[in-house]
Amino acid sequence: MTKESSDLYPVARLAAAQEATASAGLGALLLTPGPDLRYVTGYEALPLERLTCLALPAEGPAFLVVPRLELPAAEHSPAARLGIEFVPWDETDDPYALVAARLGGAGKVGRVGLADRMWAMQSLRFRDALPGAEQVLAGTVLRELRMRKSEAEVAALREAGAAIDAVHAQVPGFLRAGRTEREVGRDIAEAILAAGHTTVDFVIVGSGHNGASPHHELSDRIIQPGEPVVVDIGGQMPSGYCSDSTRVYSVGEPPKEFTRYYEVLQRAQEAACAAVRPGVSCESVDAAAREVIAAEGYGDYFIHRTGHGIGLETHEEPYIVAGNTEPLAPGHAFSVEPGIYLPGEHGARIEDILVCTEEGGERLNHRPRELVIV
């Protein structure tokens, strides 16, 4: 057990989740493999057809039901230091009935929170095992806890930001006319792992008109002289926390129209970052970027929200989007990534991860935001 995992997955987190379960009027949370289980226990369990499930009752001790063949992995995970009872089950057992029996049945549970990413097959099996128990999303209980990052979580996100910054520093060396997006993407993926990530979550290399597609995937398109290239990359660190950052490059001098709106985009991203502080609504940060872009006539070409929360998932709450009136609070971590996309021509996006602090917003990415001409 490393100090890092101890700091990131303390016993206090399990207790807080149990208290939130009781406060929400639920009888228990049932967390299967995925980000909710990782958040509460640190256990990155394999998502299998065999049930692994943390049962966290509103009152009483938590227990982790695991297939017997997965017991060694659970015992070597951060969950082992939390005082959770591990309950192994054998191939001929019914693990859903086992969970229900230990919880006291539907009459005692009443309402149960299911992990947001639980498979439909599993939720239906729990419905049958706990007939009459109302099922709700565990996210309604865990969202406040997961959104407010602890000091250890912020430190993990800073480390992730530094790692992806180190990759962006290498990107100009990978880009040149005559190479394909896929070739560049392969080099970037190798660099993401070399920078300390355990997984490569995504690599977007959008050259020329492909840059106008925000989630463009790698293709065999050959990069041409004078083309802008959008590079959006991220991965997961050993801590389980994610990186995500976008920068724009140009292989030679870009078109004049691109240069004009890229300057607008820089101002929009700066305005949104400057708007971050406690008490400010998520939608007001979105508006700060959108107003700059719209004032210059590019409003119709900013086609997505300004940002998304980040932590154990690349996309999680809070979402920086119109209609989200939730106020920012210290510990909220999210992207600020306005974009301008001209269909059939080119596009651009500048993305940093920020953490809301008592004083304002702390950027976790520090690579230059100016257009990098290779």
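Above this text is the structure in question.
Draft legend 1. Main features of the sheet that holds strand S9 (residues 245-251). Spatial strand order, S7-S8-S9-S17: four strands in an open sheet with mixed pairing. Because the sheet does not close on itself, it has two edges, and the strands there are strand S7 (199-207) and strand S17 (372-373). With eight bridges joining them, S7 and strand S8 (residues 227-236) adopt antiparallel strand pairing. Bridging across to S8, Gly206 finds its partner in Val230. Packed onto the sheet, helix H11 (residues 181-194) meets S7 and S8 and runs at close to 150 degrees relative to S7.

Draft legend 2. Layout of the sheet that holds strand S3 (residues 63-67). Pairing in this open sheet of six strands is mixed, and the strands run S4-S3-S2-S1-S5-S6 from one edge to the other. Two strands in the sheet have a free side with no partner beyond their single neighbour: strand S4 (85-89) and strand S6 (134-137). On average, each strand axis in the sheet is inclined to that of its neighbour by 25 degrees, with strand direction left out of account. Where strand S1 (residues 28-31) lies against strand S2 (residues 53-57), four bridges are found, and the strand directions are antiparallel. Pairing of Ala28 across the sheet is with Pro57, part of S2. Across the face of the sheet, helix H2 (residues 11-23) comes into contact with S1 and S2 while running at roughly 60 degrees to S2. Sitting on the sheet, helix H7 (residues 120-129) touches S1, S2, strand S5 (111-114) and S6, and the angle it makes with S6 is about 150 degrees.

Draft legend 3. Highlighting the pairing of S6. Pairing between S5 and S6: four bridges, direction parallel. Within S6, the residue paired with Gly113 across the bridge is Val136. For the handedness criterion, the β-α-β arrangement of S5, H7 and S6 is classed as right-handed.

The rules behind each value
- Residues numbered from 1 in each chain as written.
- Predicted model: local features only at pLDDT ≥ 70, side-chain atom pairs only at ≥ 80, totals over all residues.
- Heavy atoms only, no water.
- Pairing = 2+ DSSP bridges.
- Helix = DSSP H or I, 4+ residues; strand = E, 2+ residues; numbered from the N terminus.
- Contact = heavy atoms within 4.5 Å.
- Axes fitted to C-alpha atoms, helices over the stretch in contact; angles between N-to-C directions.
- Right-handed = clockwise from strand over helix to strand, strands pointing away.

Any functional reading would require information beyond the geometric quantities listed.
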